[in-house]
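So you can see what is in the structure, the chains are spelled out below.
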Amino acid sequence: MKPVDLEQFWADDELAHRENCFSKQAPQVALGIRMSGECVFAELNEPGNPWGETPRERRMDLNRRYNDLAEKIVGKRLLQENFPLPEEVYPSLRGIGEVFGGEYCFDGNVTWLKGSCSTPEELEKMLDRVDRMDIEDFILPENWYAEKKRIQETYGTRPPLWRHVRGPVTLATSIYGVENLIFLYYDAPELYERFSRTILRVILEYIRVSTREAGFTMETAPHGFSFADDDCNLLTPEMYEVFGFPVLKEVFALCSPNPEDSRYQHSDSAMGHLLPILGRLDLTGCNFGPTLTVREIRKYLPHAQIEGQLAPFTFMRNNEDDIIAEVKRDCEMAKEGDLRGVSISTAGSINNGSLLTSMRAVMYAIQTYGRY
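Residues numbered from 1 in each chain as written. Predicted model: local features only at pLDDT ≥ 70, side-chain atom pairs only at ≥ 80, totals over all residues. Heavy atoms only, no water.

Moving on: the layout of surface pockets. A water-sized probe, rolled over the atoms, reveals where empty space remains. If you add up the space inside the largest pocket, you get close to 840 Å³. As for the largest pocket, its lining consists of 22 residues, of which W51, V110, T111, R166 and D230 are closest to the centre. Elements with a minimum of two residues in the lining of the largest pocket: strand 2 (103-106), strand 3 (111-114), strand 4 (164-166), helix 8 (168-176) and strand 6 (263-267). Residue composition of the lining of the largest pocket, grouped by class: 8 nonpolar, 8 polar and 6 charged. (1 Å grid on protein atoms, 1.4 Å probe; cavity = no way out; pocket = protein on both sides within 12 Å on 5 of 7 lines; lining within 4 Å. Points joined across faces, edges and corners; volume = space filled by probe spheres on them. Helix = DSSP H or I, 4+ residues; strand = E, 2+ residues; numbered from the N terminus. Nonpolar A, V, L, I, M, F, W, Y, C, P; charged D, E, K, R; others polar.)

Attention now goes to the pattern of salt bridges. Inspection of the entire model under this criterion finds 26 salt bridges. Linking D338 and K24 is a salt bridge whose minimum nitrogen-to-oxygen distance equals 3.1 Å. Note that D338 is positioned in the loop between helix 16 (320-335) and strand 9 (342-344) and K24 in the loop between helix 1 (6-16) and strand 1 (30-31), a separation of 314 residues in sequence. Put simply, R194 and D128 hold a salt bridge, and the shortest N to O gap is 2.7 Å. (Salt bridge = Lys/Arg side-chain N within 4 Å of Asp/Glu carboxyl O.)

Let's shift gears to unusual backbone geometry. A cis amide bond, omega 5°, links G308 with the succeeding residue Q309. Within the fold, Q309 resides in the loop between strand 8 (305-307) and helix 15 (312-317). Located in the positive-phi region is D282, a residue other than glycine, with phi close to 50°. Along the polypeptide, D282 turns up in the loop between helix 13 (275-279) and strand 7 (285-288). Within the chain, D338 stands out as a residue other than glycine whose phi angle is a positive 55°.

Another point: helix 8. Burial of helix 8 is extensive: 9 of the 9 residues sit out of reach of the surface. Here helix 8 has its buried residues at P168, V169, T170, L171, A172, T173, S174, I175 and Y176. Among the residues trailing helix 8, G177 stands out with phi positive, at a value near 105°. (Buried < 20%, exposed > 50% of the residue type's maximum accessible area, 1.4 Å probe, protein only.)

What follows concerns the packing of aromatic side chains. As enumerated under the stated definition, the model contains 12 aromatic pairs in all. Ring centres 5.2 Å apart and planes at 85° place the aromatic pair F9 and W10 in the edge-to-face group. Aromatic side chains W162 and F225 sit 6.1 Å apart centroid to centroid with 55° between the ring planes, which places their arrangement in the tilted category. Of this pair, W162 sits in the loop between helix 7 (144-155) and strand 4 while F225 sits in strand 5 (residues 225-228), and the two are 63 residues apart along the sequence. A single burial state applies to W162 and to F225, both of which are buried. Site record: aromatic cluster; members linked through ring pairs are F100, Y176, Y185, Y186, Y192, F195 and F243. (Phe/Tyr/Trp six-rings, centres within 6.5 Å; stacked < 30°, edge-to-face > 60°.)

Quick look at the structure:
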């Protein structure tokens, strides 16, 4: 394993995360990687489906054993070890894809959102239905109020706030299709804009309902919102300006009105052509695909904590020389002009097969090349 002063690394890393990773007192570039629950199977040589359901007791056992190993290799326990009992968990709101007639289907490996329409005529009928819908009545489970009362009285917890969603473009392409959405921009521009406005209205209703049910108002609720919009890179800047940007702008204005509030976008795609538009949202956090560099992102997002830009497949292949080369590159860009604001992470998901020794290689690279 690569030599790392583990005690010094974690002491320095705590300082590195202050002020959204921009602190001038940080001695080194921050480490964002904390692995993921997917990684236990390959690391422990255990069978299982990384994206499927794992029984609670087995999940806790796997995570504890993984953490025992992590403590030896990287000096820190990384994964959650205690999970609430089923009776402590609030019923889930219905998925936003279901509002638009979609169906969430598990294919034996991962859950996909199956679309509901494929022609402009079908889309218009679907939007007519959604515009007439009582969103609150549709998304709250039938047993919501009884379960909410029971859980609050027994455990004293609040229902979770709804502050993250698949981005508007990914939702739309799942419901209507990628090519169909692109053609719609040219063939039926008014319907294209209407689709975006309806998505915005539904998102705002989820926010409103969850905020009230958690016992907050918009004035008293914690601030922040995040989107995961992998498919937005499939649109041209002109298309995104009309469809995606207005949704993010209004949601951030509601949930993240202050400069320091979290405004986060994940899109592990080739996002260079949309950076100028996203820059107008003053994002405070981002995670984009590995085709971008820290330097390119910083040009448009001066206040964002950049989570990246280590390619997920580089990390998963566990070639330590390749990993160190990419992390060295990102550290050097973070230090250009003492810009800071970088958290070394994968530019996308951390997948099963990514080993703890690879995380240690990232730590070695930061401690060697990422000192400010």
